[in-house]
Amino acid sequence: MILYALEAKDNCGKSTTLKKLLLHLLESGAAPLTDVSKSQLKGQLLAERRARISGEEYETQDITAILDVAGTKVGIATDGSTPEVTGDAVNLFRDSGCKVCFFAVRSKGAVQAMLNEYARYNTVYRVEKAVLFGAEQFPDCNRYIEELNAWQASRLYDFCQSELNA
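Cut-off values and rules
- Residue numbering note: each chain is counted from 1, following its sequence as written.
- Owing to the predicted nature of the model, reporting of local features is limited to residues with pLDDT of at least 70; listing and counting of side-chain atom pairs is limited to 80 or more, with chain, interface and lining totals taken over all residues.
- Water and hydrogen atoms were dropped before computing side-chain values, which therefore reflect all heavy atoms in the structure.
- Counting from the N terminus, the helices are DSSP H or I runs at least four residues long and the strands are E runs at least two residues long.
- Expected span, for any helix, means 1.5 Å times one less than how many residues it has.
- Each residue is assigned to one of three classes by its accessible area relative to the maximum for its type, calculated with a 1.4 Å probe on protein chains only: buried under 20%, partly exposed between the two thresholds, exposed over 50%.
- To be clear, the arc concerns the directions from the helix axis to the C-beta atoms.
- The contact criterion used is simple: two residues touch if any of their non-hydrogen atoms lie within 4.5 Å.
- Any two rings among Phe, Tyr and Trp, with Trp reduced to its six-membered ring, count as a pair given centres within 6.5 Å; such a pair is stacked if its planes are under 30 degrees apart, edge-to-face if over 60, and tilted if neither.
- Inter-axis angles, ranging from 0 to 180 degrees, are taken between N-to-C directions of lines fitted to C-alpha atoms, where helices are fitted over the stretch in contact.
- When an angle is under 35 degrees it counts as roughly parallel; over 145 it counts as roughly antiparallel; between 65 and 115 it counts as roughly perpendicular; any other value is oblique.
- Working rule for handedness: look at the near helix, and if it is turned counterclockwise from the far one by less than a right angle, call the crossing left-handed; if clockwise, right-handed.
- We count a salt bridge whenever a side-chain nitrogen from Lys or Arg sits within 4 Å of a carboxyl oxygen from Asp or Glu.
- The rule for pairing is simple: two strands pair if DSSP sees at least two bridges between them.

Is there a simple way to think about helix α3 (residues 83-95) in this case?
Each α-helix turn comprises 3.6 residues. Residues three or four places apart therefore point the same way. Counted at 1.5 Å a residue, the expected span for α3 with its 13 residues is 18 Å, and the 18 Å between its end C-alpha atoms agrees. When α3 is considered as a whole, its buried residues turn out to be Thr-86, Gly-87, Ala-89, Val-90 and Phe-93. For α3, the angular spread of buried residues about the axis comes to 160 degrees, placing them on one side. When the buried face of α3 is taken as reference, the exposed residues oriented beyond 90 degrees from it are Glu-84, Asp-88 and Asp-95. Those residues of α3 hidden inside the fold are in contact with β3 (64-69), β4 (72-77), β5 (100-106) and α4 (110-118). Phi for Gly-97, located one or two positions after α3, is positive at around 80 degrees.

How should I be thinking about the packing of aromatic side chains in this particular structure?
Aromatic ring pairs: the centre-centre distance and the angle between the two ring planes describe each pair. Scanning all chains against the criterion turns up 2 aromatic pairs. Seen from their ring centres, Tyr-4 and Phe-102 are 5.0 Å apart, and the 10 degrees between their planes marks the pair as stacked. One end of the pair, Tyr-4, is in strand β1 (residues 2-8); the other, Phe-102, is in strand β5, with 98 residues separating them in the sequence. Judged by relative accessible area, which is 4%, Tyr-4 ranks as buried. For Phe-102, a relative accessible area of 1% translates into the label buried. Plain terms: the ring middles of Phe-93 and Phe-103 are 5.5 Å apart, the flat faces sit at 55 degrees to each other, and that makes the pair tilted. Taken as a pair, Phe-93 in helix α3 and Phe-103 in strand β5 lie far apart in primary sequence, 10 residues in all. Accessibility assignment for this pair places Phe-93 and Phe-103 in one class, buried.

What is the right way to look at the packing of helix α1 (residues 14-27) against helix α2 (residues 38-54) in this model?
Each pair of packed helices can be described by the angle between their axes along with the distance between the axes. Look at α1 against α2: their axes get within 10 Å of each other, and the N-to-C directions meet at 150 degrees. Judged by the inter-axis angle, α1 sits roughly antiparallel to α2. The handedness of the crossing between α1 and α2 comes out as left-handed. The segment α1 lies against α2, with Thr-16, Lys-19, Lys-20, Leu-22, Leu-23, Leu-26 and Glu-27 engaging Lys-38, Leu-41, Lys-42, Gln-44, Leu-45 and Glu-48.

Mind showing me how you'd approach the pattern of salt bridges here?
Side chains that differ in sign of charge can pair as their charged atoms come close. For the structure shown, the criterion picks out 4 salt bridges. In this structure, Glu-27 and Lys-42 form a salt bridge, with 3.5 Å as the shortest nitrogen-oxygen distance. Within this pair, whereas Glu-27 is found in helix α1, its partner Lys-42 is found in helix α2, the two being separated by 15 residues in sequence. Overall, the relative accessible area of 44% leaves Lys-42 in the partly exposed class. Arg-94 is paired through a salt bridge with Asp-95; the nearest N and O atoms lie 3.2 Å apart. Owing to a relative accessible area of 47%, Arg-94 belongs among the partly exposed residues under this scheme. Judged by relative accessible area, which is 61%, Asp-95 ranks as exposed.

Got a minute to help me understand the sheet that holds strand β6 (residues 123-128) in this structure?
Note on sheets: strands pair through backbone hydrogen bonds, and any given pair is parallel or antiparallel. Taken in spatial order, the 6 strands of this open sheet run β2-β3-β4-β5-β1-β6, and their pairing is mixed. Whereas interior strands pair on both sides, the edge strands pair on one side only; in this sheet they are β2 (31-32) and β6. Here β1 pairs with β6 via 6 bridges, running parallel. The residue bridging Leu-3 from the neighbouring strand is Val-124, located in β6.

Encoded structure:
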């Protein structure tokens, strides 16, 4: 199993980026094998964007999904807050026969130690989340943050396609 760990500090768009990746895969014809839909994702992304623009507090709804992408199973988990949560997703994806998996994880702490152990037996790519530091102080930056998340999701999509075609 190949694991892509999208790493960064809290609240900088890791989950949003992976939701955009998930939406991109669904719009490209991937079949969901778990309870996830394009309309659900679009609604979540829109609600999060509106809250961010208005400066409201919001809680990201995490998703764990498995997709069939051209006959290959791909897993995506947006909650990488603890080693237990991440480990449960790794086990689910492994038991489901996923070839490629994407996770949102914090850049420091216990989850990183778990990934180091996991890397002893599997391929782990650590991908640093592209971030605009201090952007929360400038509401006009939200458009750029949206573009940055979309750009990074498209790069992850390219990684996924290259692994599936290898």
